Structure formats: structure tokens, C-alpha cells
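One-letter residues, chain by chain:
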Amino acid sequence: ASNGTTGVLLLQMGGPASQEAVRPFLRRMLSDPAILAMPAAVRVPLATMISVFRAPRSRRQYAAIGGGSPIGAITDAQARALEAALERAGRPMPVRVGMRYTDPSIADGLAALADAGADRVVVLPLYPQWSETTTGSSFLEVRRVLARMAAPPRATFVDDWPDDPGYVAAVARTVREALAEVPS
């Protein structure tokens, strides 16, 4: 057992924060072998081509919701709220974000936790169900980054949690609140 610090790395796919970031986001995401399972010699040029043709439509969709994805701001707020809740519960620990396809990257999040003194990290994907394209891809990237670190923290991976009672109760509460707003 270590007397060090435990930190939490919240994983998210990320999203383009601006119109200019749409095409690079699409290219990075589609270049991931977990998304397009084919040899890199085919996958990377195909990802580039798809991102060129898909970006205009995606830009229009992001423009309709304010110009970019809100996922960065939402995930940052979740990290701050979790860190505050852990502090209130008497379990203070740093909570950082690692995005799979945008900044802050998974490497950025792990480096920030190391800078905060964390020698143990709970890796928590913000997608509750297991999927090779989300959780699997993100876990592979975490392991790749950890393998390159001089003194990597010990990592505990939370695989999935769709049936966690707290999560189910929170989803049920949100559904009830939404249904209460629907005119009868």
C-alpha cells in the first residue's frame, strides 16, 4: 500500500470546440482502429477523405448548437463537481479529464494527475456501457500513455457501470423530470 495520492481520470471522447476543429476531430476519430477496423494504409487516407466530405454537414450541425460541442465544458464541470463531492466526503483527490480525440488529451490528464502527486489513478469512462469504440479505445490509449511514462501511476480501470444503482436512480430521476414537463 502506498501513502501517496489517488486521482481520478475521467475519460470522454471529446468533441470539436469550434467550427475549425470539426474536420481535425473527425479525422482523428476515424483514424482510430477501434472505429474503422482496417489496416492503417487504408484507414488513415479513408479517414481523411471522409472528414473532408463529412465536415461541412457536421459544421452545420455544430453551428445549430452554438458553434461547437459542449462536451468539453460539460466534462470539466463534472470533474470539478466530482472533486468537490470527494472533498466534502472526506476523500480529497484530484480529478482530471482526458479526451480521446480532443484536448485535454488522455496524456494531458495523466500528466496533470502526476503533477498533482497521484501515484494511483482510477480510470473512469463517462460512457457507462462497455464498447470497444469508446471504453476499449480509451483504455488502450491510457495503457499506451502509461507505458511511456517514466514513473506511471498504478491504474484501476472501471470497465462499465450501466447497472450501478446510483446511476440507474439518477437516470430514472432525469426521465421522470423530463416526463413531468411533457404536456398531457
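A brief look at the structure comes next.

Criteria and thresholds
Residues numbered from 1 in each chain as written. Predicted model: local features only at pLDDT ≥ 70, side-chain atom pairs only at ≥ 80, totals over all residues. Heavy atoms only, no water. Helix = DSSP H or I, 4+ residues; strand = E, 2+ residues; numbered from the N terminus. Buried < 20%, exposed > 50% of the residue type's maximum accessible area, 1.4 Å probe, protein only. Contact = heavy atoms within 4.5 Å. Areas by Shrake-Rupley, 256 points an atom, 1.4 Å probe, with all protein chains shown as cover. Lys, Arg positive; Asp, Glu negative; His and termini not counted. Charge placed at Lys NZ, Arg CZ, Asp CG, Glu CD. Core = buried A, V, L, I, M, F, W, Y, C linked by side-chain atoms within 4.5 Å. Patch = residues over 30% accessible without salt bridge, like charges linked within 9 Å, V, L, I, M, F, W, Y side chains within 5 Å. Salt bridge = Lys/Arg side-chain N within 4 Å of Asp/Glu carboxyl O.

A tally of regular secondary structure across the protein gives 6 helices and 4 strands. Taken from the N to the C terminus, the helices and strands of the protein come in the order β-α-α-α-β-α-β-α-β-α. Across its three principal directions, the C-alpha atoms of the protein cover 55 × 50 × 25 Å. Residues counted as buried form 35% of the 184 residues belonging to the protein. Across the protein, contacts joining residues at least 24 apart in sequence account for 70% of those joining residues at least 6 apart. In the form shown here, the protein has an accessible surface area of approximately 10,400 Å², with 59% of it arising from carbon and sulfur atoms. Here the protein holds 20 positive side-chain charges and 17 negative ones, and the gap between their average locations is 6 Å.

With that settled, consider the nonpolar core. Counting residues in each nonpolar core, the largest one holds 21 residues, and the members touching the most others are Leu-9, Leu-11, Ile-106, Leu-110 and Val-142. Listing elements by their share of this core, those giving two or more residues are β1 (5–12), α1 (22–30), α2 (40–64), α4 (106–115), β3 (118–125) and α5 (132–148). In this structure, Leu-9 is in contact with Arg-96, Val-97, Gly-98, Ile-106, Gly-109, Leu-110, Leu-113, Val-121, Val-122, Val-123, Leu-124 and Val-142, ignoring residues within four places of it in sequence. With 8 residues, the next largest nonpolar core counts Leu-10, Met-93, Val-97 and Met-99 among its residues.

We now examine a nonpolar patch on the surface. Together, Val-171, Val-175, Leu-179 and Val-182 make up a nonpolar patch on the protein surface, roughly 340 Å² of accessible area in all. Along the chain, Leu-179 turns up in helix α6 (residues 165–180). The exposed category is assigned to Leu-179, whose relative accessible area is 57%.

All we've got here are geometric facts, nothing functional implied.
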